[in-house]
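Observations on chain architecture
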Amino acid sequence: MALCDNSTAQGAIDEEDFPFPDGSTLVKEVYGGDQELMALDVMSKRDGAWYWLGTADDGQTVRLHEGDLIEGDVAMCSGCHGGTAPSPPTDSVFLAEYGL
């Protein structure tokens, strides 16, 4: 996995200033066992809430989970990110996995 972000999100990370401000966008690159890009998972902060989007490796095709689009306020995403607060608290983002 690799994590990319925009300057709004990076500013919060650099300053350890959480919660993330609106406009923050984080993109997780998901790789398979052969190190080929399999998917992109996107978190975007809007109106004080996180929204998610999951795409195939082409970055264009929205993925499905159990027949539902991975787009918007996705229970599969918010179930983990909202249900378990990372330590230290980083606004539902698991930064420690990326050494941040």
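Here, the structure is the one placed above.
So, here is what we can say about the structure in this document. (Residues numbered from 1 in each chain as written. Predicted model: local features only at pLDDT ≥ 70, side-chain atom pairs only at ≥ 80, totals over all residues. Heavy atoms only, no water.)

As for the overall build of the protein chain
What counts here: Put simply, DSSP marks the helices as runs of H or I at least four residues long and the strands as runs of E at least two long, and each gets a number from the N terminus on. Partly exposed describes any residue whose relative accessible area lies between the buried limit of under 20% and the exposed limit of over 50%, with all areas from a 1.4 Å probe on protein chains only and scaled to the type maximum. Any two residues whose heavy atoms approach within 4.5 Å at even a single point are treated as in contact. Per-residue and other accessible areas were derived by the Shrake-Rupley procedure at a 1.4 Å probe size, with only the shown protein chains allowed to occlude residues.
Along the protein chain, the regular secondary structure elements total two helices and seven strands. Counted from the first residue to the last, the protein chain has its helices and strands arranged as β-α-β-β-β-β-β-β-α. A burial count over the protein chain gives 29% of its 100 residues as buried. At a minimum sequence separation of 6, the contacts of the protein chain that also span at least 24 residues come to 30%. Only carbon and sulfur atoms are counted for the fraction: they give 50% of the accessible area of the protein chain, which is about 6100 Å².

Points about the sheet that holds strand E4 (residues 49–56)
The condition that has to hold: Between any two strands, at least two bridges found by DSSP are needed for them to pair.
With respect to topology, five strands assemble into an open sheet ordered E1-E2-E3-E4-E7, the strand pairing being antiparallel. For this open sheet the edge positions go to strand E1 (2–5) and strand E7 (71–72), each flanked by a neighbour on one side alone. Relative to strand E2 (residues 25–31), E1 is paired through four bridges, and the arrangement is antiparallel. When the bridges of E2 are listed, aspartate 5 appears paired with leucine 26.

With respect to helix H1 (residues 7–15)
Where we set the bar: In this description, one arc is meant: the one made by directions from the helix axis to the C-beta atoms.
Listing the buried residues of H1 in full gives Ala9, Ala12 and Ile13. Taken down its axis, H1 places every buried residue within 100 degrees of arc, on the same side. Residues of H1 that are exposed and angled more than 90 degrees away from the buried face: Ser7, Asp14 and Glu15. Buried residues along H1 sit in contact with E1 and E2. In the segment just after H1, glutamate 16 is the residue with positive phi, at about 50 degrees.

A look at the side chain of aspartate 91
This is how the line gets drawn: Here a polar contact means two N or O atoms within 3.5 Å. Within protein one must be a hydrogen donor candidate and the other an acceptor candidate, and residues neighboring in sequence count only if both atoms are side-chain atoms.
In this fold, aspartate 91 is placed in the segment after helix H2 (75–81). A distance of 2.9 Å separates the side chain of aspartate 91 from the backbone nitrogen of phenylalanine 20, its partner in a polar contact. Once you skip the residues sitting within four places of it in the chain, aspartate 91 turns out to touch Pro19, Phe20, Lys45 and Trp50.

Some remarks on the environment of alanine 2
Here alanine 2 lies in strand E1. On the basis of relative accessible area, alanine 2 is assigned to the partly exposed category, the value being 24%. Separated by 96 residues in the primary sequence, alanine 2 and tyrosine 98 have C-alpha atoms spaced 7.1 Å apart. Those residues in contact with alanine 2 that lie beyond four places of it in its chain are Val27, Lys28, Glu29, Tyr31 and Tyr98.

Geometric descriptors of this kind do not, in isolation, establish any biological role.
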